[in-house]
Amino acid sequence: MDDVVRQPATTVQRLRKILEYVAALALCILIAVTIVDVFGRYVLNKPLPGAFEYVRALMAIVTFAALPLVSGRNEHLRAGILDHLISPRVNALREPFVQLLSALVLAAIAWRLWAESRAKWRSKDILSSIELPLWIPIAFMTLMCAVAVVVTLSLTLATTRAALAPRA
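Right, let's walk through the structure included here. (Residues numbered from 1 in each chain as written. Predicted model: local features only at pLDDT ≥ 70, side-chain atom pairs only at ≥ 80, totals over all residues. Heavy atoms only, no water.)

1. A word on the nonpolar core
For clarity, the cut-off: The term nonpolar core refers to a set of buried residues drawn from Ala, Val, Leu, Ile, Met, Phe, Trp, Tyr and Cys, joined through side-chain atoms within 4.5 Å. The rule is simple: take the accessible area with a 1.4 Å probe, protein chains only, and divide by the maximum for that residue type; under 20% is buried, over 50% is exposed, in between is partly exposed. A helix here means a DSSP run of H or I that spans at least four residues, while a strand means a run of E at least two residues long, and both kinds are numbered starting from the N terminus. Pairs of residues are marked as contacts when any of their non-hydrogen atoms sit within 4.5 Å.
By size, the foremost hydrophobic cluster in this structure holds 17 residues, and its most contacted members are Phe64, Leu67, Leu106, Leu113, Met141 and Cys145. Among the secondary structure elements, those contributing two or more residues to this core are α2 (51–72), α3 (88–123) and α4 (135–164). The leading source of residues in this core is α4, at 6 residues. Leaving out residues up to four positions away in the same chain, Leu106 has contacts with Leu67, Ser71, Cys145, Ala148, Val149 and Thr152. By size, the runner-up hydrophobic cluster in this structure holds 6 residues, among which are Ala26, Leu30, Ala51 and Leu58.

2. A word on the packing of aromatic side chains
Selection criterion: Aromatic pairs are defined between Phe, Tyr and Trp rings, using the six-membered ring for Trp, whenever the two ring centres lie within 6.5 Å; interplanar angles under 30 degrees are classed as stacked, those over 60 as edge-to-face, and all others as tilted. In this scheme, Lys NZ or Arg CZ marks a charge over a ring once it lies within 6 Å of the ring centre and within 35 degrees of the ring normal.
Considering all chains together, one arrives at 0 aromatic pairs under this definition. Here the guanidinium or amino end of Arg112 rests over the ring plane of Trp111, the centre of that ring lying 5.3 Å away. Lying over the aromatic face of Trp121, Lys124 brings its terminal NZ or CZ to 5.8 Å of the ring centre.

3. Observations regarding the pattern of salt bridges
Definition in use: The salt bridge definition used is simple: a Lys or Arg side-chain nitrogen within 4 Å of an Asp or Glu carboxyl oxygen.
Here the structure, examined in full by the defined rule, presents 5 salt bridges. Its salt-bridge partner being Arg73, residue Glu20 comes within 2.8 Å of it at the nearest N-O pair. Taken together, the residues Glu20 in helix α1 (residues 11–42) and Arg73 in the loop between α2 and α3 connect sequence positions 53 residues apart. Since its relative accessible area comes to 24%, Glu20 is described here as partly exposed. The shortest N-O distance in the salt bridge between Arg41 and Asp37 comes to 3.1 Å. Remark: Asp37 and Arg41 occur in helix α1; sequence separation between them is 4 residues, near one turn of the helix.

4. Some remarks on the packing of α2 against α4
Threshold: Structural elements are reduced to axes, namely lines fitted to C-alpha atoms, with helices fitted over the stretch in contact, and the angle between N-to-C directions of any two is expressed from 0 to 180 degrees. Throughout this description, any angle smaller than 35 degrees is read as roughly parallel, any larger than 145 degrees as roughly antiparallel, any in the 65 to 115 degree range as roughly perpendicular, and the remainder as oblique. Here the term charged refers only to Asp, Glu, Lys and Arg, the term nonpolar to Ala, Val, Leu, Ile, Met, Phe, Trp, Tyr, Cys and Pro, and the term polar to all other amino acids, Gly among them.
It is the contact of α2 with α4, at a shortest axis distance of 8 Å, that shows an interaxial angle of 10°. If you check the angle between α2 and α4, you find them roughly parallel. For the pair α2 and α4, the contacting residues are Ala60, Ile61, Phe64, Ala65, Leu67, Pro68, Ser71 and Gly72 in the first and Phe140, Met141, Met144, Cys145, Val147, Ala148, Val151, Thr152 and Leu155 in the second. Looking at the contact of α2 with α4 residue by residue, the class counts come to 14 nonpolar, 3 polar and no charged.

5. Digging into α3
The following threshold applies: Expected helix span is computed as 1.5 Å times (number of residues minus one).
Taking 1.5 Å per residue as the helical rise, α3 with its 36 residues ought to reach 52 Å, and the 52 Å between its terminal C-alpha atoms agrees with that figure. Considered for burial, the residues of α3 that qualify are Asn91, Glu95, Pro96, Gln99, Ala103, Leu106, Ala110, Leu113, Ser117 and Lys120. Against the buried residues of α3 lie α2 and α4. Looking one or two places after α3, you find Lys124, whose phi comes out positive at around 60°.

6. Considerations on unusual backbone geometry
With a phi close to 55°, Asn45 is a non-glycine residue in the positive phi region. One non-glycine residue, Lys124, lies in the positive phi region at around 60°. Looking at the secondary structure, you find Lys124 in the loop between α3 and β1 (126–127). Judged by relative accessible area, which is 64%, Lys124 ranks as exposed.

Keep in mind these numbers describe shape, not what the thing actually does.
Spelled out as structure tokens, the structure:
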């Protein structure tokens, strides 16, 4: 038996782990679909039916399941080519503004995705080869984008507090 007492995982930690597993599983399936399709296409002259649509849906899952994770770790792609010219204090004050701008952009994307999902639900559009209603992956994308907004806003609050805290 371990003498170490294990702390129960928080809800946020559980959700983070679920998103990591969803993205990893979707990526593994995406790789398998691609391998089967390429092998079938070029070796057997028989491509995997619906491969393009599977790849489309799986790419959306991989990308958008990872979005809240990237937002929570503040690991968005950034170009820091001018950071060395700005004082650490100004950089610390700039960070909350950048995060707030990111949250606003993510909110706009989530709003547009929501509108698109509703339109696809009303029109009953489907990914024809796999017979998946198109609104489902778009709704997933909307949800993940909305979660990323909440995560980014909470990170904005944390970095604002840190930036405004008195320096020792």
